[in-house]
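# Per-entry structural report
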Amino acid sequence: MNASTATPESQKLQRSERQAQVVKGLQAHLPSHALLWHSEDTTPYECDGLTAYRQRPLVVALPETEAQVQAVLRTCHRLGVPVVARGAGTGLSGGALPHALGVTLSLAKFNQIIRVDTVSRTATVQCGVRNLAISEAAAPFGLYYAPDPSSQIACTIGGNVAENSGGVHCLKYGLTLHNIVKVKGFTMEGLAVTLGSDALDTPGLDLLGVVIGSEGMLAVTTEVTVKLVPKPQLARCIMASFDDMRKAGDAVASVIAAGIIPAGLEMMDKPMTAAVEDYVHAGYDLNAEAILLCESDGTPEEVEEEIGRMSDVLRACGATAIAVSRDEAERLRFWSGRKNAFPASGRISPDYMCMDSTIPRKRLADLLLAIAEMEKKYGLRCANVFHAGDGNLHPLILFDANDADQLHRCELFGAEILETSVAMGGTVTGEHGVGIEKLNSMCVQFSAAENEQMFGLKRAFDPQGLLNPGKVIPTLQRCAEYGKMLVRGGQLKHPDLPRF
């Protein structure tokens, strides 16, 4: 009996039998408290930060040692059971969505900072260490870890490696990829691997660059060595208001064109500004159509000179008001709104779906104006916040997941944002990953041959396709079905883009 003809009762029986088999296999390697399979215990793992899609895993494994991780993977490989690695579950693209007949491998207990090396300016940590905890451990030595996603208080470094996360300071200091020295972990077969090295270079292929951003599809990360940078002597932030979205977008391009690389360059539109101001009272201008946050760090002399240059550029681009932080407390207050954009959105809507496209900086205003038209088309609100310096947008579509029609319109809204981004010369994701959320949009950006090349890379690491299956890379059949759906629904706005 195949899945298409199986009755609900037979499917339930099949799941129960499979679950018993997996539990028995893993009980030989894990203590009882590290293995969950009853529904009330596995429900907390049914989704990540993308809560619109949920699925209870067959079993949740919570290993405490690398030997246990290796044993779990070897057992699942032998049984042909899918494995989805999970950190803090803060991902926003469904990358940690469980497999219905698979094991969710929680690495939350791998939370130890192994060492901080002040000579090499590196820290070696387990994968479950929180992003912010690395900087806290390095602070006594005048060092910190630069990538700072807004979820840094909770997200783990293993998840950052999986998604190649960025943050508000990624423009100057780079993404996770640029701040990692070495990654250790295991393949699906339980083979221990070390990618990268403590040296400046490593012989052979650059597999470190391959695994960072691979969304848990190639290997399970257990240990990471990160670069640390000296804390700047001073940091100051400009808060600039604009009465027109295009002026704000042009100001971003003008700052970079002037040869200035700010430590941070972020933008929020009026709806997002209102949401965060009501939440954290950061002192934002509620009359502005857009707000720019531009940060400079370095020596006091460097900061003073750069703040002056940026202020001149912003005024020339039509800024209606400019405020410069006078002390560290005020700088942190300026940033508090940007850092709390997502929770602030959660206060004004039952649910939100956060997009993650990246476009050329000069097209920022074009996409924001296009999104405003999409709001009317789909009858849903959208608040926008983004890493303006590198063109990475985070439109938050507000909806109610309890309303199936709203969820459907939200999905179409998001897909059109991503399709339009590609048409403007951008990409469907910047730092949140593809997961399940952007699978269809991958059909828009990449041809069947290009997707097959990505599958080829996955097969080199995971021949059976058991690590995080059904994510990131769409199948040819899926792309064909998605193309037909768009044509039938009249949703194909850029017919020259999809290569179904």
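The coordinates are above.
What you are looking at is a predicted structure, and each value in this text was computed from that prediction instead of being measured.

## Thoughts on the overall build of the protein
Counting secondary structure elements, the protein contains 17 helices and 18 strands. Its C-alpha radius of gyration of 23 Å places the protein within 12% of the 23 Å reference for a compact globule of 500 residues. Expressed along its principal axes, the backbone C-alpha trace of the protein runs to roughly 70 × 60 × 40 Å. Expressed as a percentage of its 500 residues, the buried residues of the protein come to 54%. Contacts in the protein between residues far apart in sequence, at least 24 positions, make up 72% of those at least 6 positions apart. Accessible surface computed for the protein: about 20,900 Å², of which carbon and sulfur atoms make up 53%. Across the protein, the mean location of the 46 positive side-chain charges is 4 Å away from that of the 57 negative side-chain charges.

## Points about the sheet that holds strand 13 (residues 264–269)
Within the open sheet, the seven strands sit side by side as 15-12-14-13-17-18-16. Their pairing is antiparallel. The open sheet has two edge strands, strand 15 (321–324) and strand 16 (351–354), and neither has a second partner. Averaged over all neighbouring strand pairs, the angle between strand axes comes to 15°, with direction disregarded. Where strand 13 and strand 14 (residues 290–298) come together, six bridges link them in antiparallel fashion. Across the sheet, methionine 268 pairs through a bridge with isoleucine 291, a residue of strand 14. Set on the sheet, helix 9 (residues 270–280) makes contact with strand 13, strand 14, strand 17 (381–387) and strand 18 (392–399); between it and strand 13 the angle comes to about 95°.

## Topic: the environment of serine 93
Looking at the element boundaries, serine 93 is found in the loop between strand 3 (83–86) and strand 4 (103–106). You can call serine 93 buried: its relative accessible area is 1%. Excluding anything up to four places from it in sequence, serine 93 contacts Asp48, Leu50, Glu163, Glu215, His432, Gly433, Val434, Gly435, Ile436, Glu437 and Lys438.

## So, the pattern of salt bridges
Inspection of the entire model under this criterion finds 24 salt bridges. Between arginine 309 and glutamate 305 there is a salt bridge; the shortest N-O distance is 3.8 Å. Note that arginine 309 and glutamate 305 are positioned in helix 10 (residues 300–316) at a spacing of four residues, about one turn of the helix. What makes arginine 309 partly exposed here is its relative accessible area of 32%. For glutamate 437, the salt bridge identified is with lysine 438, shortest N-O distance 2.7 Å. In this structure, glutamate 437 and lysine 438 share a single accessibility class: buried. Through salt bridges with shared partners, a single network forms among Arg246, Arg363 and Asp366.

## Some remarks on the state of the cysteines
Scanning the model with the defined rule gives one disulfide in all. For cysteine 443, the disulfide goes to cysteine 479, at an S-S distance of 2.2 Å. Between cysteine 443 and cysteine 479 the disulfide shows an S-S torsion of about -85°. By sign, it is left-handed. Here cysteine 479 lies in helix 17 (residues 476–489) and cysteine 443 lies in helix 15 (residues 439–445), a separation of 36 residues in the sequence.

## A short note on the packing of aromatic side chains
Within this structure, the stated rule accounts for three aromatic pairs. Ring geometry for tyrosine 144 against tyrosine 173: centres 6.4 Å apart, planes inclined by 75°, an arrangement best described as edge-to-face. Taken as a pair, tyrosine 144 in strand 7 (residues 143–144) and tyrosine 173 in helix 6 (residues 170–173) lie far apart in primary sequence, 29 residues in all. Summarising the aromatic geometry, the rings of phenylalanine 342 and tyrosine 352 are spaced 6.0 Å apart at their centres and angled 45° between planes, so their arrangement reads as tilted. Here phenylalanine 342, found in helix 12 (residues 341–348), pairs with tyrosine 352, found in strand 16; they are 10 residues apart in sequence, far enough to count as distant. Overall, phenylalanine 342 belongs to the buried group, its relative accessible area being 15%. Relative accessible area serves as the criterion here: at 23%, tyrosine 352 is assigned to the partly exposed category.

Rules used in this analysis
Residues numbered from 1 in each chain as written. Predicted model: local features only at pLDDT ≥ 70, side-chain atom pairs only at ≥ 80, totals over all residues. Heavy atoms only, no water. Helix = DSSP H or I, 4+ residues; strand = E, 2+ residues; numbered from the N terminus. Rg over C-alpha atoms; globule rule 2.2 N^0.38 Å. Buried < 20%, exposed > 50% of the residue type's maximum accessible area, 1.4 Å probe, protein only. Contact = heavy atoms within 4.5 Å. Areas by Shrake-Rupley, 256 points an atom, 1.4 Å probe, with all protein chains shown as cover. Lys, Arg positive; Asp, Glu negative; His and termini not counted. Charge placed at Lys NZ, Arg CZ, Asp CG, Glu CD. Pairing = 2+ DSSP bridges. Axes fitted to C-alpha atoms, helices over the stretch in contact; angles between N-to-C directions. Salt bridge = Lys/Arg side-chain N within 4 Å of Asp/Glu carboxyl O. Disulfide = S-S within 2.5 Å. Phe/Tyr/Trp six-rings, centres within 6.5 Å; stacked < 30°, edge-to-face > 60°.

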